[in-house]
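Residue-level structural notes
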Amino acid sequence: MTFVQIIDCRTSHFDDIDRLMDTWVEQTKGKRTATHAVVGKDHSDASHFIEIVEFPSYEEAMRNSGLPETDKIFREMVALCDEMPTFTDLDVVRDDQLNAVNVRRFFETIAHKGDLPALDELVAENYHDHDPGKEQDTLGMDALRRDLGEWRGGFDFAFDIEDQIAQGDRVCTRWTWRATHSGAFMGLAATGRSVSMTGTTVFRCDEDGKIAEGWWQYDRLGLMVQLGALDALEQ
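Residues numbered from 1 in each chain as written. Predicted model: local features only at pLDDT ≥ 70, side-chain atom pairs only at ≥ 80, totals over all residues. Heavy atoms only, no water.

**Concerning the overall build of the chain**
Tallying secondary structure elements over the chain gives 7 helices and 10 strands in all. The globule rule puts the C-alpha radius of gyration for 235 residues at 18 Å, and the 25 Å found for the chain is more than 25% above it. Expressed as a percentage of the 235 residues in the chain, the buried residues total 38%. When contacts within the chain are restricted to residue pairs at least 6 apart in sequence, long-range pairs at least 24 apart make up 62% of them. (Helix = DSSP H or I, 4+ residues; strand = E, 2+ residues; numbered from the N terminus. Rg over C-alpha atoms; globule rule 2.2 N^0.38 Å. Buried < 20%, exposed > 50% of the residue type's maximum accessible area, 1.4 Å probe, protein only. Contact = heavy atoms within 4.5 Å.)

Dropping the structure here:
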């Protein structure tokens with residue numbers, strides 16, 4: 001279970017504390033167990049700071065606290081605070097990466113059997129798509145639906161989401177696409193073949209959480225080989 005520690009402090013020496021934290025990061029390379037740290041300043045009180053530190057588990061957090069470098073930096077940090085910092089230990093019971101959830105819904109939706117559902121809740125109207133397999137970028141919702149229509153007309157398919165990493169407004173998804181070639185695609189008549197393809201997509205989400213831009217990388221050449229499109233060239 002993921003564990004989070006919240007450190008609440010007041011200080012007029014934040015720049016000095018910030019340098020201390022840089023020193024701790026450098027000195028604990030290969031030792032620390034913290035995986036993510038966020039520092040926030042109170043919007044209405046410039047002397048009030050909160051640090052949120054994430055660990056894989058409570059046990060890993062205790063290992064981190066036991067490092068001699070952590071103890072030394074903590075004592076120096078306390079000396080720079082206006083009062084004793086407070087600590088809150090939290091077991092994380094829910095962690096929703098909302099942009100990542102939206103992206104996962106997008107992959108599920110475009111693989112939906114039958115008519116393509118509306119994408120308005122998932123994709124921004126001015127969506128911008130970068131696909132190395134196309135000469136020009138796809139701009140706008142209508143163009144995106146046309147592109148998806150080409151793939152959906154040629155294949156019955158589904159995505160397996162292998163990995164997903166969200167940071168800021170970006171969501172990176174590593175996926176496996178499994179399909180049956182059930183219709184015409186890029187001039188190739190339906191073959192009925194089962195095909196698969198791996199790829200990675202990075203999406204940028206806007207302030208409303210909708211997908212606003214996408215960058216795709218996938219093995220189009222491998223797909224065409226599976227469809228037999230290159231057979232004539234090999235003879």
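**Considerations on the sheet that holds strand β2 (residues 36-41)**
On the basis of which strands lie adjacent, the open sheet formed by 4 strands has the order β2-β3-β1-β4 and antiparallel pairing. Among the strands making up the open sheet, the edge pair consists of β2 and β4 (86-91). The sheet shows a mean angle of 15° between the axes of neighbouring strands, direction not considered. (Pairing = 2+ DSSP bridges. Axes fitted to C-alpha atoms, helices over the stretch in contact; angles between N-to-C directions.)

**Observations concerning unusual backbone geometry**
At Met186, a residue that is not glycine, the phi angle is positive and equals roughly 50°. Tracing the backbone shows Met186 in the loop between β8 (170-181) and β9 (194-205). On the basis of relative accessibility, which here comes to 45%, the residue Met186 falls in the partly exposed class.

**Looking at the pairing of strand β3 (residues 48-55)**
Across 8 bridges, the pairing between strand β1 (residues 3-10) and β3 is antiparallel. The residue of β3 that forms the bridge with Asp8 is Ile50. Relative to β3, β2 runs antiparallel, the two being bridged by 6 bridges. Of the residues in β3, the one forming a bridge with His36 is Glu54. The antiparallel hairpin formed by β2 and β3 contains 6 residues in its connecting segment.

**A few points about the nonpolar core**
With 33 residues, the main nonpolar core has Val123, Trp151, Phe155, Trp177 and Leu223 as its most contacted residues. Those elements that place two or more of their residues in this core are α4 (98-110), β5 (123-130), α5 (141-154), β7 (155-167), β8, β9, β10 (211-218) and α6 (220-226). With 5 residues, the single largest contributor to this core is α4. In this structure, Trp177 is in contact with Trp151, Phe155, Phe157, Ala158, Phe159, Val195, Ser196, Met197 and Leu223, ignoring residues within four places of it in sequence. Core analysis: the second largest hydrophobic core is formed by 16 residues, Phe3, Met21, Ala61 and Ile73 among them. (Core = buried A, V, L, I, M, F, W, Y, C linked by side-chain atoms within 4.5 Å.)

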